[in-house]
Amino acid sequence: MCVVDSFTQQRPQAVMATAQVLFHRFYCKKSFARFSAKRVAASCVWLAGKLEESPRRSKHIIFVFHRMECRRENLPIEFLDVFSTKYTELRHDLIRTERHLLKEMGFICHVEHPHKFISNYLATLEAPELTQEAWNLANDSLRTTLCVRFKSEVVACGVVYAAARRHRVPLPEEPPWWTVFDADEAAIQEVCRVLAHLYSLPKAQYIPVYKDNDSFSVRRALDTHASKESPASAVASDRGTPVPSSSSQEKNSLAKAGREKVKENSDTKDKLLPAELNGKGDQAANSKSDRSEPNVDRAEERERSRSRGRDRDIRGRDSDHERERDRAKRHRSRDKSSGTIMNISVGTTLFEM
């Protein structure tokens, strides 16, 4: 959390508070051993700047966190080249961690701080002299998990109550003043208890918990130089096995024993191969013959169904031709009958004339 706090010199206080809330929310679901706290802190600051409408470029975040780490570990501050591979790797890590943050939160990153309620509550209670003390307590509450355990209104009531008790300022109790602000006494007492426990602790120190390389940028560069100098140690460290320091004779004896074991294993495999191949060949032939019989039956059934379909098509075509012929005969007979009727009618008219 100190990494996030030290970045507030050039950014608004709301960015610091939002970054700390995002940090607590993320580690409520994930483990410190799986995700580096330093890289998550950098991504939280970068994301909080976007949420609070004061964004910064990724290179500014990387430069500041890299410089702070060099100072804290008493290392010479080196300049990060924007076009170097080290910078590109840090930038990719920053973007990847931000994606993890958004994914775990379901892209719901709305944060409501207790600071905006403090001034309204104290104005209602007519105790403006407690504003600074309550504000300081609200800032310190971000170092605890109160921001993810209680609502912002409850935390605001808790810091107001603690500030009033510290400065011995009386507040209305009949009825209790916190009932007006939708808070209960048990939650307020818990907030005060957590803050009192925080102030009783010694100065905070960073304890590396991340199982992999727990560094933002410094140790990664040192690891690359070490791997170039001793490739065997790098391979062993990747596998998680230490490199033993032994003499050349012991190494040669171990190498010879390993070669002999490899030869013995290869001889036993060569002896077993022919019998296994024969057994596998017979099984494959039997399986092929078994598979070929149902395939032949299926092919015959397909041909039969096709021939039946063809016969049906031919029969249908013949029946269609016969129907057309019958229709043509009927039309011809109708035409002949109409022609004879016309002739008869003409003959009768001529006879009458």
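Rules used in this analysis
Residues numbered from 1 in each chain as written. Predicted model: local features only at pLDDT ≥ 70, side-chain atom pairs only at ≥ 80, totals over all residues. Heavy atoms only, no water. Helix = DSSP H or I, 4+ residues; strand = E, 2+ residues; numbered from the N terminus. Contact = heavy atoms within 4.5 Å. Patch = residues over 30% accessible without salt bridge, like charges linked within 9 Å, V, L, I, M, F, W, Y side chains within 5 Å. Areas by Shrake-Rupley, 256 points an atom, 1.4 Å probe, with all protein chains shown as cover. Salt bridge = Lys/Arg side-chain N within 4 Å of Asp/Glu carboxyl O. Lys, Arg positive; Asp, Glu negative; His and termini not counted. Charge placed at Lys NZ, Arg CZ, Asp CG, Glu CD. Axes fitted to C-alpha atoms, helices over the stretch in contact; angles between N-to-C directions. Parallel < 35°, antiparallel > 145°, perpendicular 65-115°, else oblique. Nonpolar A, V, L, I, M, F, W, Y, C, P; charged D, E, K, R; others polar. Left-handed = near helix turned anticlockwise from the far one by under 90°.

Here the focus is the environment of Cys109. Summarising the element assignment, Cys109 is placed in the loop between α5 (85–104) and α6 (115–125). Along the primary structure Cys109 and Leu51 are separated by 58 residues, whereas in three dimensions their C-alpha atoms are 7.9 Å apart. Excluding its chain neighbours within four sequence positions, the residues that come into contact with Cys109 are Leu22, Arg25, Leu47, Leu51 and Leu102.

The grouping of Asp297, Glu300, Glu301 and Glu303 at the surface amounts to a negative patch. The residue Glu303 is located in helix α13 (residues 248–352) in this model.

As a further point, take the packing of helix α7 (residues 131–141) against helix α10 (residues 185–200). Axis separation between α7 and α10 bottoms out at 11 Å; the angle between their running directions is 80 degrees. One way to sum up the angle between α7 and α10 is to call them roughly perpendicular. Residues Leu137, Asp140 and Ser141 of α7 form the contact with α10, whose own contacting residues are Leu195, Leu198 and Tyr199. Looking at the contact of α7 with α10 residue by residue, the class counts come to four nonpolar, one polar and one charged.

Relative placement of two packed helices is described by the angle separating their axes and the distance separating the axes. Contact pair α7 / helix α9 (residues 152–167): the axes reach a minimum separation of 8 Å and the direction vectors enclose 130 degrees. If you check the angle between α7 and α9, you find them oblique. Viewed along their axes, α7 and α9 form a crossing whose handedness is right-handed. Contact residues: Glu133, Ala134, Leu137, Ala138 and Ser141 in α7; Val155, Val159, Val160, Ala162, Ala163, Arg166 and His167 in α9. Its residues assigned to classes, the contact of α7 with α9 comprises eight nonpolar, two polar and two charged.

Here the focus is the environment of Ser217. Checked against the element boundaries, Ser217 lands in the loop between α10 and α11 (218–229). In this structure, Ser217 is in contact with His66, Glu69, Lys86 and Leu90, ignoring residues within four places of it in sequence.

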